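What follows is the residue order along each chain.
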Amino acid sequence: MIKGKNVLLLLASATTGQTIIHATQALKYYGANISEISAIFSVANSSMGIPIRSLFTIKDLPDYKAYAPEGCSMCKNKQHIDAFANAFGYSHL
């Protein structure tokens, strides 16, 4: 269905790049030509040589941080978080 087609990969966010890498590999495996990647928020400008266009970047959220659990200073200091924010809203813990 996508072999030889130009594809625009749409994402909510592009932070670590893992989703982009896996999606890109799968799409290329099936013969897609990935033209561009679009996201609402992205830390990176490109991935695997493909431009990422986003509405918001790290410049819009200068305090944004993303860590692997072993690299998180809050985790290392056993500092608990107060809430989770996701598509369903803000949840106090």
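All chains use their own residue numbering, which begins from 1 and follows the written sequence. Two thresholds apply to this predicted model, a pLDDT of at least 70 for residue-level local features and 80 or more for giving and counting side-chain atom pairs, whereas whole-chain, interface and lining totals are computed over all residues. To get the side-chain values, all heavy atoms of the structure are used, and hydrogens and water are removed first.

**Q** It is not clear to me how helix α1 (residues 18-29) should be interpreted in this structure. Could you clarify?
**A** Two residues of an α-helix separated by three or four positions point the same way, owing to the 3.6 residues in each turn. Helix and strand assignments follow DSSP, with helices taken as H or I runs no shorter than four residues and strands as E runs no shorter than two, numbered in order from the N terminus. Helix span, expected: 1.5 Å multiplied by one less than the number of residues in the helix. Over its 12 residues, α1 runs 17 Å from end to end, which matches the ideal 16 Å to within 8%, given 1.5 Å per residue. Between buried and exposed lies partly exposed: a residue is buried under 20% and exposed over 50% of the maximum accessible area for its type, with that area taken using a 1.4 Å probe on protein chains only. Buried within α1 are the following residues: I20, T24 and L27. Down the axis, α1 shows its buried residues gathered within 70° of arc, on one side only. Elements that come into contact with the buried residues of α1 comprise β1 (6-14), β2 (33-42), β3 (46-47) and β4 (50-57). Immediately beyond the C-terminal end of α1, within one or two residues, lies G31, with a positive phi of roughly 90°. Taking the helix axis as origin, the arc is that swept by the directions to the C-beta atoms. Contacts between residues were defined by any pair of non-hydrogen atoms, one from each residue, lying within 4.5 Å.

**Q** Looking at this model, I keep getting lost on the nonpolar core. Mind explaining?
**A** Nonpolar side chains in soluble globular proteins generally cluster together in the buried interior. Only buried residues count toward a nonpolar core. Its members are Ala, Val, Leu, Ile, Met, Phe, Trp, Tyr and Cys residues joined through side-chain atoms within 4.5 Å. By size, the foremost hydrophobic cluster in this structure holds 12 residues: V7, L9, L11, A14, I20, L27, A32, I34, I37, A39, I50 and I52. Those elements giving two or more residues to this core turn out to be β1, α1, β2 and β4.

**Q** What exactly am I supposed to notice about the environment of S13 here?
**A** Secondary-structure assignment places S13 in strand β1. Owing to a relative accessible area of 39%, S13 belongs among the partly exposed residues under this scheme. Along the backbone, S13 and S42 are 29 residues apart, and their C-alpha atoms lie at a distance of 5.5 Å. Excluding its chain neighbours within four sequence positions, the residues that come into contact with S13 are A39 and F41.

**Q** Looking at this model, I keep getting lost on the packing of aromatic side chains. Mind explaining?
**A** For any pair of aromatic rings, the description rests on two quantities: the centre-to-centre distance and the angle between the ring planes. Aromatic contacts are taken between Phe, Tyr and Trp rings whose centres are within 6.5 Å, Trp giving its six-membered ring; a plane angle under 30 degrees counts as stacked, one over 60 as edge-to-face, and the others as tilted. Per the stated rule, a full pass over the model turns up two aromatic pairs. Seen from their ring centres, Y29 and Y30 are 4.9 Å apart, and the 85° between their planes marks the pair as edge-to-face.

**Q** Mind showing me how you'd approach the pairing of β1 here?
**A** In summary, the side chains of a regular strand alternate between the two faces of the sheet. For β1 and β2, the ladder comprises eight bridges, and the chain directions are parallel. The partner of V7 across the bridge, within β2, is I34. Looking down the strands as they point away from you, a crossover is right-handed if its path from the first strand over the helix to the second goes clockwise. The parallel pair β1 and β2 is bridged by α1, and the resulting crossover is right-handed. Two strands are counted as paired when DSSP detects at least two bridges linking them.

**Q** Sorry if this is basic, but what is going on with the environment of I40 here?
**A** Within the secondary structure, I40 is located in strand β2. Judged by relative accessible area, which is 45%, I40 ranks as partly exposed. Put simply, I40 and L10 are 30 residues apart on the chain and 8.7 Å apart in space, counted from C-alpha to C-alpha. Not counting residues within four places of it along the chain, the set of residues in contact with I40 comprises L11, A12, S54, L55 and F56.

**Q** Would you take a moment to explain the sheet that holds β1 for this structure?
**A** The strands that make up a sheet are held in pairs by hydrogen bonds between backbone atoms, and each pair lies either parallel or antiparallel. Pairing is mixed in the open sheet, where four strands are placed in the order β1-β2-β4-β3. Bordering the open sheet on either side are β1 and β3, each of which pairs with just one other strand. Bridging between β2 and β4 involves five bridges; their strand directions are parallel. Following the sheet pairing, F41 is matched in β4 by F56. All axes here are fitted lines through C-alpha atoms, helices being fitted over the stretch that makes contact, and every angle between N-to-C directions spans 0 to 180 degrees. Against the sheet, α1 contacts β1, β2, β3 and β4, and its axis sits at roughly 160° relative to β1.

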